[in-house]
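Examination of the molecular architecture
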Amino acid sequence: MSMDYRRGVARRRLPWLIVPPAIALLLFFVVPLGLVLAVSFASKGTYGGVQWIVTVMNYTAILDPLYLGIFWRSLWIALLTTAACLMLGFPLAYLIARSPKRWQAALLLLIIIPFWTNFLVRTYAWMFILRAEGLLNTALMTMGIINEPLNLLFTDTAVLIGLVYGYLPFMVLPLYAALERLDPALIEAAWDLYANPRQVFSRVILPLAKPGVVAGCLLVFIPSLGAYVTPDLLGGAKSMMIGNLIQHQYLVVRDWPFGSALSFVLMAGVLLMVFYYLRTGAAKSFG
Amino acid sequence: MEPHVSMTDVSVEIRNVTKRHGATVAVDRVSLSVRKGEFFSLLGPSGSGKTTTLRLLAGFEHPDSGEILIEGVPMQGVPPNHRPVNIVFQNYALFPHMTVKQNVAFGLEMKGMTAGEIAPRVAQTVDMVRLSGKLERFPAQLSGGEQQRVALARALVNHPAVLLLDEPLGALDRQLRQEMEVELKVLQERVGITFICVTHDQEEALTMSDRLAVLNHGRLLQVGTPEEIYTSPASAFVANFIGVSNGLSGCVQDVEGDTARVVVEGIGVLRSAVVPGLAAGSKVLMTIRPERLKLSRDPGAMDPHHNQVVVRIAKAIYSGNEMQYLLSLPNNLTWKARIPNADGIAKRFSAGESAYVKWQAAEAVLLSQ
């Protein structure tokens, strides 16, 4: 009786509790998104600004090979970033999850500490590391590994390094959460049942870490695809990504309708890819 | 002490194995041989080294010194996936993302057998543990007892030379545990595989084992059949660990034939069957099982094969088929006695009463101290 009563109270109170976040979402997410959607079908004014003449020109303009190329490169860099984060993050997360309990908190702290410094500042730091007379080139030349400085800064490689650096924690944390729950006896059981170390990984560890892999890949892929600061600072004119293109349209070219259309295509693309990934890729690749 | 065993009958041979975990010696110079087709238990309290011994056999850990042979083959440097043993883990360690069928098939699949070879063996093994209807279930959809059967099937399907069981019944409730004790024993006799079972539960070990080893602090204390260990424990620890024993410390007064007379301070002279190596003046611990004691209101006639002590009943506990009494001895020690209720209500005692506790000299075990 009393349980039913309490549940009834909870059910009656719940709608009131979701009112404030619902209002916040409506005001700061749905309404602005609607504005962007509306602007994406409007026309560009002669001196910038928006003219309310309905058109689909902003969307057809994206089919220009120049813009499609930028989309394609962004997608490629985001995929490479995700793959690199997974390759680096998995062993790291596994190591932390398998280390003694009293060390785990400290090791996780080390992963999170970079967040205490502004992302912009950290990206500037990479400029000092990667430039021709920067730390990396100086070190490699002093050791006699290379004779002349590597051309790193303002290349896709630099963007990739910056993105992997920036998003690695987003891969490590969900992977750690999944691997920490993995019962070590399961690994021993597989080993005892004739699995070699590679089979133990592919048949037991990886499938059980799947939720962490899926979450980590999404958390890295989505922001990488729309990255702006990293390609802006570390990439050259030829390393433009969608984020930079959108910023360029809004603030340099002052073509808000085209910028809005680009934003919507990016969003729809991400949504489709994530949906496809969750439905097929993530489900099938680990069985 | 052990009868001679020819090498072909030996399934597992542990030779003077020592294993340290940091500063503690988990397994201390243990030597054991387990015969083919035997149900062998490693019995001891936590920290006795029994689980470490099992992990050394499985290959998860390696001896610091000494040698392990399985089926006559030295296991030095052989990883778990190349050993002819399989283990049933304490909490089963079933793969949660695989069905019962996939769990059971895992070992055969890793051995590289084809689907056509695997299917009939899985079906037969699952049938043997009576789980045929649950092949497509996931472990989380099974009861504790069913999970235990899956763990057994997953190991047995590989026809290992030795099956290792780590507290196999520990996670089950009391009634299911007692059923499984018998079932495990029947299963073991049917498949004829050597079972080595780790347990801290003496009742479990006595019920299931052909032979058992008692360990404490990494040391092997005694090896023998359940009856040998129960009736002639080699040390006070074994006597106490295998069932509750009542003890009295004393000093041998003299030995006459097969009877020793022991002086116990505060009680007097008691008689006990003699064991080799005892002489007048030896300090001994006399132990006697609670179920060997008889209680009576009348003093019996004194005879040289019986002992009799006046006690006060400190507590009387009814527990179904028997009464459990706490007895206060004249020297202020407390003993336990278990008397079958079949004797009738008139023969029950209640707390505060005085009684004569009696036992046969032959049923007390003398341990040198």
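Residues numbered from 1 in each chain as written. Chains lettered and ligands numbered in written order. Predicted model: local features only at pLDDT ≥ 70, side-chain atom pairs only at ≥ 80, totals over all residues.

Assigned secondary structure in chain B consists of eight helices and 20 strands. When contacts within chain B are restricted to residue pairs at least 6 apart in sequence, those whose partners lie at least 24 apart make up 64%. (Helix = DSSP H or I, 4+ residues; strand = E, 2+ residues; numbered from the N terminus. Contact = placed C-beta atoms within 7 Å.)

When helices and strands are counted, chain A shows 14 helices and two strands. Viewed in the frame of its principal axes, chain A has a C-alpha envelope of about 80 × 75 × 35 Å. When each of the 287 residues of chain A is scored for burial, the buried share is 30%. Residue pairs at least 24 apart in sequence account for 70% of intrachain contacts in chain A once pairs closer than 6 positions are excluded. (Buried ≥ 20, exposed ≤ 12 C-beta atoms within 10 Å, placed from the backbone.)

Time to look at helix H13 (residues 242-252) of chain A. Regarding H13 of chain A, the residues found buried are Ile-242, Gly-243, Asn-244, Leu-245, Ile-246 and Gln-249 of chain A. Arg-254 of chain A lies just past H13 of chain A and shows a positive phi near 60 degrees.

Bringing the interface of chain B and chain A into the picture now. Interfaces are frequently sized by the accessible area removed from exposure as the parts join. Taken together, the contact pairs 15 residues of chain B with 15 residues of chain A. When contributions to the side of chain B that touches chain A are tallied by element, the ones reaching two or more residues are strand S6 (85-88) and helix H2 (100-110) of chain B. Sorting elements by how many residues they give to the side of chain B that touches chain A places H2 of chain B first, with three residues. Its residues assigned to classes, the side of chain B that touches chain A comprises nine nonpolar, five polar and one charged. (Nonpolar A, V, L, I, M, F, W, Y, C, P; charged D, E, K, R; others polar.)

Let us look at the sheet that holds strand S19 (residues 354-360) of chain B. Residues and elements named next belong to chain B. With antiparallel pairing, five strands are arranged side by side in an open sheet as S15-S19-S16-S17-S18. Looking at strand neighbours, the two that pair on one side only are strand S15 (294-296) and strand S18 (334-340), the edges of this open sheet. Between one strand and the next, the sheet's axes are offset by a mean angle of 45 degrees, whatever the strand orientation. (Pairing = 2+ DSSP bridges. Axes fitted to C-alpha atoms, helices over the stretch in contact; angles between N-to-C directions.)

This part is about the sheet that holds strand S3 (residues 39-43) of chain B. Residues and elements named next belong to chain B. The strand order across the open sheet formed by six strands is S6-S7-S8-S3-S9-S10, and the pairing between neighbours is mixed. The open sheet terminates on both sides in strands that have one partner only, identified here as S6 and strand S10 (219-224). Ignoring which end each strand starts from, the neighbouring axes of this sheet average 20 degrees apart.

We now examine the pairing of strand S8 (residues 194-199) of chain B. All names here are of chain B. Extensive coverage of S8 is indicated by the burial of six of its six residues. Because side chains alternate across S8, one face comprises the buried residues Thr-194, Ile-196 and Val-198, and the other comprises Phe-195, Cys-197 and Thr-199, equally buried. Note: S3 against S8, five bridges, orientation parallel. By the bridge assignment for S8, Phe-40 is matched with Ile-196.

According to the domain assignment, chain B consists of domain 1 (7-234) and domain 2 (244-368). Centre-to-centre separation of domain 1 of chain B and domain 2 of chain B, based on C-alpha positions: 39 Å. (Domains from an automatic or database assignment.)

In this model, helix H10 (residues 197-208) of chain A (twelve residues) spans 16 Å end to end at C-alpha, consistent with the 16 Å of a helix rising 1.5 Å per residue. Against helix H9 (184-192) and helix H11 (210-225) of chain A lie the buried residues of H10 of chain A. (Expected span 1.5 Å × (residues − 1).)

What follows deals with the nonpolar core. Among the nonpolar cores identified, the biggest contains 149 residues, and Leu-175 of chain A together with Leu-57, Ala-153, Leu-163, Leu-164, Ile-196 and Ala-213 of chain B are the most heavily contacted of them. At 16 residues, the largest contribution of residues to this core is made by helix H8 (residues 156-180) of chain A. No fewer than three residues from each of domain 1 (7-234) and domain 2 (244-368) of chain B sit in this core. Apart from the residues within four sequence positions on either side, Ala-153 of chain B is in contact with Val-104, Thr-125, Val-126, Val-129 and Leu-131 of chain B. (Core = buried A, V, L, I, M, F, W, Y, C linked by C-beta atoms within 7 Å.)

With that out of the way, let us pick up unusual backbone geometry. Residues and elements named next belong to chain B. Here the phi dihedral of Arg-29 falls at roughly 45 degrees; this positive angle occurs in a residue that is not glycine. By secondary structure assignment, the location of Arg-29 is in strand S2 (residues 24-35). Positioned with a positive phi, Glu-167 is a non-glycine residue whose angle comes to about 40 degrees. Mapped onto the elements of the fold, Glu-167 is located in the loop between strand S7 (162-166) and helix H5 (174-191).

Right, let's get into the confidence of the model for chain A. On average, residues of chain A carry a pLDDT of 89, and 93% of them reach 70 or more. Within chain A, the element-level pLDDT minimum falls on helix H1 (residues 2-17) of chain A, averaging 60, and the maximum on H9 of chain A, averaging 96. (pLDDT = per-residue confidence, 0-100.)

This part covers the packing of H9 of chain A against H10 of chain A. Residues and elements named next belong to chain A. Where H9 meets H10, the closest approach of the two axes is 10 Å, and the angle between their N-to-C directions is 140 degrees. By the criterion of interaxial angle, the relationship of H9 to H10 is oblique. Helix-helix and strand crossings are classified by hand; for H9 and H10 the assignment is right-handed. Contacts from Leu-186, Ile-187, Ala-190 and Trp-191 of H9 reach H10 at Val-200, Arg-203, Val-204 and Ile-205. The class makeup of the residues in the contact of H9 with H10 is seven nonpolar, no polar and one charged. (Parallel < 35°, antiparallel > 145°, perpendicular 65-115°, else oblique. Left-handed = near helix turned anticlockwise from the far one by under 90°.)

To continue, consider the pairing of S18 of chain B. All names here are of chain B. Bridge count for strand S17 (residues 322-328) against S18 is seven bridges, and the pairing is antiparallel. Bridge pairing links Glu-322 to Pro-340 in S18. Two successive antiparallel strands, S17 and S18, enclose a turn made up of five residues, where Asn-332 displays a positive phi of approximately 75 degrees.

Packed helices, taken two at a time, are described by their axes: the angle between them and the distance between them. All names here are of chain B. Packing of H2 against helix H4 (residues 144-156) brings their axes to within 7 Å, and their N-to-C directions diverge by 30 degrees. Comparing their axes, H4 and H2 come out roughly parallel. Judged by the sense of rotation from one axis to the other, the crossing of H2 with H4 is right-handed. Side by side, H2 and H4 meet where Val-100, Asn-103, Val-104, Phe-106 and Gly-107 of the first sit next to Val-150, Ala-153 and Arg-154 of the second. For the contact of H2 with H4, the per-class residue count stands at five nonpolar, two polar and one charged.

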